[in-house]
Structures are given as structure tokens and as C-alpha cells.
Amino acid sequence: MRLFFWIVILLPGLAFTQETTPSEKFWSNLEQHCGKAYEGWITAGAVPKDGFTGEKLVMHVRGCNKNEIKIPFFVGEDKSRTWILKMNQDKIISLKHDHRHPDGSEEDLTQYGGINSNVGLETVQMFPADEFTAKILPAASTNIWWFTLEGDVFTYNLRRIGSDRVFTVSFDLSTPITAPSKPWGYVD
């Protein structure tokens with residue numbers, strides 16, 4: 001009877017002592033922006049005629065489910081890109097780049113990205129290129145993508161190890177803008 005008493009008293013408390021991982025904190029902070037859109041600017045890697053420079057850059061935290069967040073990234077009128085984040089059972093986040101044609105069909109180079117090798121930090125999640133990426137884009141096999149979410153700034157970053165290639169887009173989270181229409185290939 002005494003053992004039963006301690007089990008009833010202590011067991012519920014043990015369930016609440018599980019610590020939230022940094023990846024779960026990052027995820028929760030990102031979910032707070034679900035449904036909102038933000039304008040961005042290139043902070044590193046701008047090159048004339050790169051397709052990004054001089055264009056309006058918008059991220060829209062459009063779809064938030066328990067284990068998936070979809071963030072379309074619009075470059076001017078180009079609605080081909082969506083970042084897809086997935087949380088697995090080990091609290092590790094993966095990143096995929098979903099690229100679509102205007103008719104909604106997938107581009108040849110799509111679904112590339114990486115998997116975080118650990119739970120990261122609550123303000124930074126890093127994604128080294130995965131095996132699928134190395135197979136379809138050999139030059140990107142040394143890519144590392146990462147997102148930062150610090151205060152009122154969200155960044156998308158790309159670094160290709162062994163080269164000078166770096167690209168960063170920052171978004172001002174303090175000033176939501178009108179949400180854009182859906183990205184190519186998505187149905188409401």
C-alpha cells in the first residue's frame with residue numbers, strides 16, 4: 001500500500017520533469033509565426049543577376065502541423081520555393097527545399113536539404129546536406145543550411161564548405177506584411 005501511495009504521488013511529477021529540447025523550443029518559437037508573412041533582405045552573398053538581388057523577398061509561415069512547418073519563400077513573382085521542416089520522434093529537425101514549376105509539378109532538382117545532427121540550439125538549427133542531396137546535387141554535398149530565430153529576426157543561411165559560397169536572407173519578424181497567395185503547386 002505504501003509503495004502504491006508513492007507511485008501515485010511521484011509518477012505524475014516525473015512526467016513533467018522531462019526537459020524541453022532546444023529543437024522543441026526553436027520549433028515552438030517558429031510556430032508563433034504561423035500564418036504570418038515577413039519581408040526580407042539579402043545580408044550576405046548578393047551577386048548581380050543572381051535572381052534574388054533587387055527582388056521583393058517574402059517568407060510566409062503558411063502551414064504548421066505538429067511535426068511539419070511549411071514556409072514558402074517568394075522571390076519577386078517566383079513562387080517556386082518552400083522550405084519544409086519536419087520534427088522526428090527523436091526531436092531532430094530536417095529541412096527540405098520543395099521546388100515547383102508554375103503548373104505545380106516538381107522541378108527536377110527538388111526535395112534536397114539536410115538533417116540536423118543533434119537538437120541544435122533554441123535559436124539556431126543547422127542542416128548539413130543529406131545523402132539524397134549529395135546524389136542529386138553532387139556540388140551541394142558540402143552544403144550546410146541553417147536557420148536562426150533570434151528576437152525579431154529570422155535568417156535563412158547557406159554555406160558551401162570548401163568554397164566562398166555563402167547566402168543569407170534576413171526577415172524582420174516585428175513587422176508582419178499581408179500574406180501572399182499560395183506557392184505554386186499548393187492547394188488550400
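Residues numbered from 1 in each chain as written. Predicted model: local features only at pLDDT ≥ 70, side-chain atom pairs only at ≥ 80, totals over all residues. Heavy atoms only, no water.

Looking at the nonpolar core
Within the largest apolar cluster, 30 residues are counted, with the highest numbers of intra-cluster contacts made by Leu-30, Ile-71, Trp-83, Leu-85, Phe-147 and Phe-154. Counting residues per element, the ones that place at least two in this core are helix H2 (22-31), strand E2 (57-60), strand E4 (68-75), strand E5 (78-87), strand E6 (93-99), strand E9 (143-150), strand E10 (153-160) and strand E11 (166-172). Here the element with the most residues in this core is E4; it accounts for four residues. Setting aside its immediate chain neighbours within four residues, Leu-30 contacts Val-61, Ile-69, Ile-71, Leu-85, Leu-149 and Phe-154. (Core = buried A, V, L, I, M, F, W, Y, C linked by side-chain atoms within 4.5 Å. Buried < 20%, exposed > 50% of the residue type's maximum accessible area, 1.4 Å probe, protein only. Helix = DSSP H or I, 4+ residues; strand = E, 2+ residues; numbered from the N terminus. Contact = heavy atoms within 4.5 Å.)

Points about the confidence of the model for the chain
Low pLDDT marks stretches whose predicted atomic positions should not be read closely. Model confidence for the chain is summarised by a mean pLDDT of 91, while 91% of its residues fall at 70 or above. Mean pLDDT across the elements of the chain ranges from a minimum in helix H1 (residues 2-16), with 50, to a maximum in E2, with 98. (pLDDT = per-residue confidence, 0-100.)

Description of the state of the cysteines
This structure, assessed with the given rule, holds one disulfide. A sulfur-sulfur distance of 2.4 Å marks the disulfide that ties Cys-34 to Cys-64. Of note, the bridge from Cys-34 to Cys-64 carries an S-S torsion of about 120° and is right-handed in sense. Note that Cys-34 is positioned in the loop between H2 and strand E1 (37-44) and Cys-64 in strand E3 (residues 63-65), a separation of 30 residues in sequence. (Disulfide = S-S within 2.5 Å.)

Thoughts on the pattern of salt bridges
Tallying each qualifying case throughout the model produces eight salt bridges. For the salt bridge of Lys-25 with Glu-122, the shortest nitrogen-to-oxygen distance reads 4.0 Å. Taken as a pair, Lys-25 in helix H2 and Glu-122 in the loop between strand E7 (112-115) and strand E8 (124-128) lie far apart in primary sequence, 97 residues in all. One salt bridge connects Asp-98 with Arg-100, and the closest N-O pair in it is separated by 2.9 Å. Judged by relative accessible area, Asp-98 falls into the buried class, the value being 2%. For Arg-100, a relative accessible area of 17% corresponds to the buried category. Three or more residues joined by partner-sharing salt bridges are found here, namely Glu-68, Lys-70 and Lys-86. (Salt bridge = Lys/Arg side-chain N within 4 Å of Asp/Glu carboxyl O.)

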